[in-house]
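Read off the chains here:
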Amino acid sequence: MLAALTIFVSAALSVVPSATATTASHKRRHSRAHHVAKCPGADAHVGSAPRTLLESAVVCLVNQQRARRHLPLLQASSQLNRSAQGWTNVMVFSDQFTHGSNFASRITAVGYMWRTAGENIATGYSTPRGVVNAWMASTGHCQNILNPTYRNVGTGVSNRPVEGWATGPGTWTQDFALGMNQSPPSSNVGPMDACPYN
C-alpha cells in the first residue's frame, strides 16, 4: 500500500517563524460544506490556553477556510490527533523541524488506515489564528488545508518552539487524511489550485 503512494514535499517558509507541508495521495471524489461560526480560542496564546482549546480552534479556523470556498468540513480524528501530537513532541524534544523519513507511517502506526494523507508543521506561532494564517499564505500548506479529498484532521501543539528554528513560542502539527474505505467528499480542486491566500 505505502509503496504505491506518491509523496510531495513543499519548501519550508524562508522566514522565522517556520512552517512546512507534505502530502501523500492516491485518489479523489464529491460533497458540500456549511458555514462555520466564530472560533473560540482563535487568538488564545499557546503558553496559557489549554491544549484542547488550541487544537479545536485550529480545526475551526481550517474549516472556516474550507467553508468560505464551498468545501466539505473536516472532522477531527482522535487517531490523527495522537499522530500529530506525538510528532509535535518529537520535534520539540529533538530540536529537529522536519516531517521525518515517512510521516505517513506515523498515521498508520496510530491505527488510521489511510488512502490519502498530508501533513503541515509550523514553529514560532503563538496563536491558532497566527499559524493558520501562515499556512494559508504558503502554497503547500494551503493546498493541504483546501484539499477536497480529505475527510479527517488531527492537530498537535506544544508551547515550546523547535530550538534553532524559531524565537517565539509554539510548535504545531496538522495531519490530514482520507480513510481507506472512504470516498473523497469533493472533487472541487479550484480553491486548492488557487493557493496561496494572503
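**Quick notes on unusual backbone geometry**
And then number 1: The linkage connecting C195 with the following residue, P196, adopts the cis geometry, with an omega of 5°.
And then number 2: When you line up the elements, P196 lands in the segment after helix 6 (190-193).
And then number 3: Located in the positive-phi region is H70, a residue other than glycine, with phi close to 60°.
And then number 4: Note that H70 resides in the loop between helix 1 (51-68) and strand 3 (75-76).
And then number 5: Positive phi, close to 55°, is recorded for D95, a residue that is not glycine.
And then number 6: For D95, the position within the fold is in the loop between helix 2 (78-94) and helix 3 (103-109).

**A short note on the nonpolar core**
And then number 1: Residues V131, V132, W135, L146 and W172 are the most contacted members of the largest nonpolar core, which totals 30 residues.
And then number 2: Looking at this core, the elements that each hand over two or more residues are helix 1, helix 4 (128-136), helix 5 (139-145), strand 5 (152-158) and strand 6 (171-179).
And then number 3: Looking at this core, the element that brings in the most residues is helix 1, giving 6 residues.
And then number 4: Listed in part, the 9 residues of the second largest apolar core include L80, F103, A117 and A177.

**Overview of the state of the cysteines**
And then number 1: Using the criterion set out here, one finds 2 disulfides in the structure.
And then number 2: Each sulfur in the disulfide pair C39 and C60 lies 2.0 Å from the other. Its S-S torsion of about -80° marks the bond between C39 and C60 as left-handed, since a negative value means left-handed. In this pair, C39 is assigned in the loop between strand 2 (18-25) and helix 1 and C60 in helix 1, connecting sequence segments 21 residues apart.
And then number 3: Across the disulfide, C142 is cross-linked to C195 (sulfur-sulfur distance 2.0 Å). Where C142 bonds to C195 through sulfur, the torsion about that S-S bond is close to -70°, and the disulfide is left-handed. Here the residue C142 occupies a position in helix 5, and C195 occupies one in the segment after helix 6, the gap between them amounting to 53 residues. Residues C142 and C195 agree in their burial class; the two are buried.
And then number 4: If you count the bonded cysteines of the protein chain from the N-terminus, they pair up as 1-2, 3-4.

**What about the packing of helix 1 against helix 4?**
And then number 1: Remark: helix 1 packs on helix 4, axes separated minimally by 9 Å, with the N-to-C direction vectors making an angle of 40°. Looking at the two axes, helix 1 sits oblique to helix 4. Considering how the two elements wind past one another, helix 1 and helix 4 form a crossing that is right-handed. On helix 4, the residues touching L54, A57, V58, L61, V62 and Q65 of helix 1 are P128, R129, V131, V132, W135 and M136.
And then number 2: Split by residue class, the contact of helix 1 with helix 4 holds 10 nonpolar, 1 polar and 1 charged.

Conventions adopted
Residues numbered from 1 in each chain as written. Predicted model: local features only at pLDDT ≥ 70, side-chain atom pairs only at ≥ 80, totals over all residues. Heavy atoms only, no water. Helix = DSSP H or I, 4+ residues; strand = E, 2+ residues; numbered from the N terminus. Core = buried A, V, L, I, M, F, W, Y, C linked by side-chain atoms within 4.5 Å. Buried < 20%, exposed > 50% of the residue type's maximum accessible area, 1.4 Å probe, protein only. Disulfide = S-S within 2.5 Å. Axes fitted to C-alpha atoms, helices over the stretch in contact; angles between N-to-C directions. Parallel < 35°, antiparallel > 145°, perpendicular 65-115°, else oblique. Left-handed = near helix turned anticlockwise from the far one by under 90°. Contact = heavy atoms within 4.5 Å. Nonpolar A, V, L, I, M, F, W, Y, C, P; charged D, E, K, R; others polar.

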